[in-house]
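Here is what each chain is made of, one letter per residue.
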Amino acid sequence: MLAVIGGSGLYQIEGLSGAKEICQETPFGSPSDTLIRGRLEGREVIFLSRHGRDHSYPPHLVPYRSNLWAIRKAGARRVLGVSAVGGIKRRFSPGDFVVIDSFIDLTRSRDSTYFEGRLSKKPAEEWRTARLMREGKVVHVDMTHPYCPQMAEILTEILEDLKLPYHPTGTYACTEGPRFETPAEIKMLEILGADVVGMTGVPEVVLARELELCYAGLAVVANPAAGISEGKLTSDEVLQMMGQKEREIKEVIRELARRLPEERTCSCGESLSGAVV
Ligand code: HPA
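Since the structure is predicted, the reported quantities are computational estimates derived from the model, not experimental observations.

### Concerning the environment of Ser 235
Alright, step 1. Relative to the assigned elements, Ser 235 resides in helix α6 (residues 235-259).
Alright, step 2. Residue classification places Ser 235 among the partly exposed positions, given a relative accessible area of 46%.
Alright, step 3. Sequence separation between Ser 235 and Ser 8 is 227 residues; the distance between their C-alpha atoms is 9.7 Å.

### Description of the site of the ligand
Alright, step 1. In the vicinity of the ligand, the contacting residues are Ala 84, Val 85, Gly 86, Phe 180, Glu 181, Val 197, Gly 198, Met 199, Asn 223, Leu 233 and Val 238.
Alright, step 2. Backbone polar atom of Ala 84 to a nitrogen atom of the ligand: 3.4 Å apart, as the coordinates give it.
Alright, step 3. Asn 223 is positioned with one of its side-chain polar atoms (N or O) 2.7 Å from a nitrogen atom of the ligand.
Alright, step 4. Expressed as a share of its isolated accessible area of 260 Å², the protein-covered part of the ligand is 95%.
Alright, step 5. The cavity that encloses the ligand is the largest pocket.
Alright, step 6. At the level of secondary structure, the elements contributing two or more residues to the shell around the ligand comprise β5 (78-87) and β10 (196-198).
Alright, step 7. With three residues, β5 is the single largest residue contributor to the shell around the ligand.
Alright, step 8. Of the residues assigned to the shell around the ligand, the class counts are seven nonpolar, three polar and one charged.

### Observations concerning the side chain of Asn 67
Alright, step 1. Structurally, the position occupied by Asn 67 is in helix α1 (residues 64-73).
Alright, step 2. With sequence-adjacent residues up to four places away left out, Asn 67 is seen in contact with Pro 31, Ser 32, Leu 48, Arg 50 and Val 62.

### Some details on the packing of α1 against helix α5 (residues 201-210)
Alright, step 1. At a closest axis distance of 9 Å, the pairing of α1 and α5 adopts a crossing angle of 40 degrees. With respect to α5, the axis of α1 lies oblique. Between α1 and α5 lies a crossing whose hand is right-handed. Contacts between α1 and α5 pair Tyr 64, Arg 65 and Leu 68 from the former with Val 202, Pro 203, Glu 204, Leu 207 and Ala 208 from the latter.
Alright, step 2. For the contact of α1 with α5, the per-class residue count stands at six nonpolar, no polar and two charged.

### With respect to the packing of helix α3 (residues 149-161) against α6
Alright, step 1. It is at 10 Å that the axes of α3 and α6 come closest, and there the two elements cross at 125 degrees. Taken together, α3 and α6 sit at an angle that is classed as oblique. Crossing angle aside, the handedness with which α3 passes α6 is right-handed. Mapping the contact onto sequence places Met 151, Ile 154, Leu 155, Glu 157, Ile 158, Leu 159 and Asp 161 in α3 and Val 252, Glu 255, Leu 256 and Arg 259 in α6.
Alright, step 2. A breakdown of the residues in the contact of α3 with α6 according to their chemical character gives seven nonpolar, no polar and four charged.

### Structural notes on empty space enclosed by the protein
Alright, step 1. One pass over the full model with this rule turns up two cavities of 30 Å³ or more.
Alright, step 2. What lines the largest cavity is Arg 50, Gly 81, Ser 83, Ile 100, Tyr 147, Tyr 172, Gly 201, Glu 204, Tyr 215, Gly 217 and Leu 218.
Alright, step 3. Those elements that provide at least two residues to the lining of the largest cavity are β5, α5 and β11 (214-224).
Alright, step 4. Broken down by element, the lining of the largest cavity gets its largest block of residues, three residues, from β11.
Alright, step 5. Grouping the amino acids of the lining of the largest cavity by side-chain chemistry returns five nonpolar, four polar and two charged.
Alright, step 6. Estimates place the volume of the second largest cavity at around 30 Å³.
Alright, step 7. For the second largest cavity, the full set of lining residues is Ile 13, Glu 14, Leu 40, Lys 250, Ile 253 and Arg 254.
Alright, step 8. Among the elements that make up the lining of the second largest cavity, the one with the highest residue count is α6 (three residues).
Alright, step 9. Of the residues that constitute the lining of the second largest cavity, the class distribution is three nonpolar, no polar and three charged.

### Observations regarding the side chain of Glu 255
Alright, step 1. One can find Glu 255 in helix α6.
Alright, step 2. You can call Glu 255 buried: its relative accessible area is 11%.
Alright, step 3. Separated by 3.0 Å, the side chains of Glu 255 and Arg 258 make a polar contact.

### A closer look at the layout of surface pockets
Alright, step 1. Considered as a void within the structure, the largest pocket measures approximately 460 Å³ in volume.
Alright, step 2. Considering the residues around the largest pocket, the lining is formed by 27 residues, among which Ser 8, Pro 59, Phe 180, Met 199 and Val 238 are closest to the centre.
Alright, step 3. Mapped onto the lining of the largest pocket, the elements with two or more residues apiece are β5, β10, β11 and α6.
Alright, step 4. Here the lining of the largest pocket takes four residues from β5, the largest share from any one element.
Alright, step 5. Grouping the amino acids of the lining of the largest pocket by side-chain chemistry returns 15 nonpolar, 10 polar and two charged.
Alright, step 6. Roughly 220 Å³ of internal volume is contained in the second largest pocket.
Alright, step 7. Asp 142, His 145, Arg 209, Ser 267 and Ser 271 are the residues nearest the centre of the second largest pocket, which is lined by 13 residues in total.

Basis of the calculations
Residues numbered from 1 in each chain as written. Predicted model: local features only at pLDDT ≥ 70, side-chain atom pairs only at ≥ 80, totals over all residues. Heavy atoms only, no water. Helix = DSSP H or I, 4+ residues; strand = E, 2+ residues; numbered from the N terminus. Buried < 20%, exposed > 50% of the residue type's maximum accessible area, 1.4 Å probe, protein only. Near = heavy atom within 4 Å. Polar contact = N/O pair within 3.5 Å; in protein donor to acceptor, adjacent residues only side chain to side chain. Areas by Shrake-Rupley, 256 points an atom, 1.4 Å probe, with all protein chains shown as cover. 1 Å grid on protein atoms, 1.4 Å probe; cavity = no way out; pocket = protein on both sides within 12 Å on 5 of 7 lines; lining within 4 Å. Sits in = over half its atoms within 2 Å of the grid points. Nonpolar A, V, L, I, M, F, W, Y, C, P; charged D, E, K, R; others polar. Contact = heavy atoms within 4.5 Å. Axes fitted to C-alpha atoms, helices over the stretch in contact; angles between N-to-C directions. Parallel < 35°, antiparallel > 145°, perpendicular 65-115°, else oblique. Left-handed = near helix turned anticlockwise from the far one by under 90°. Points joined across faces, edges and corners; volume = space filled by probe spheres on them.

Given below as structure tokens:
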């Protein structure tokens, strides 16, 4: 089953038939909002608003561990994380979609792992992650391919078929926020190889890996990053672009629900093999 995590400007998806709210408590507390489960294009789908439907969780305080745990517990094996980003490289222009394939982590105050060795929580679930936590294991998860290649390929086909402006790959720099970056920071990120910048992609993708879920990052360039165009950067600008793209984003999500085969042909489900010390 597919779960969709909606970022800024994406607080719900229409057309979920038989939609039910699922309140999911986790060992890490409550997720950002109730999960909505329903059918889209004949397939079971879960939707969760990353910042809450009233947008009350700022990027550095999103309960990422609860969100991913709740999604896993509700039965999803695949996650699509949708987010707004600033474009760093000039060819990543406002309105473009980006299928993220790598990240640079510049966050600093987030709970970014389930694996805390002897200090780990002891969840009762039967999955490998929960068992390793109960056993107090130290785990170093591989990040060579942080994003699911099967989902990325299907997303790329969809963007191509829908004739939307897109980049099939892109490196996402995740900053701590909630402030926007300085032009000097953006220049640094460009030199480091980042294409786009956002505040929420990490640790979401990492936690999905630790739960052996497939995760795809679909970013929408909402603005040129700080210092790239004249003038100050505003949340209004970001939300306005996300509003403009909302219909297209929802079309991509519908197509993804329709086209994803039941079978996972990737190795995301074996992410913890060889990772345990
Ligand atoms: N920086 C960080 N996060 C963002 C931006 C940005 O320019 N635009 C949308 N999210």
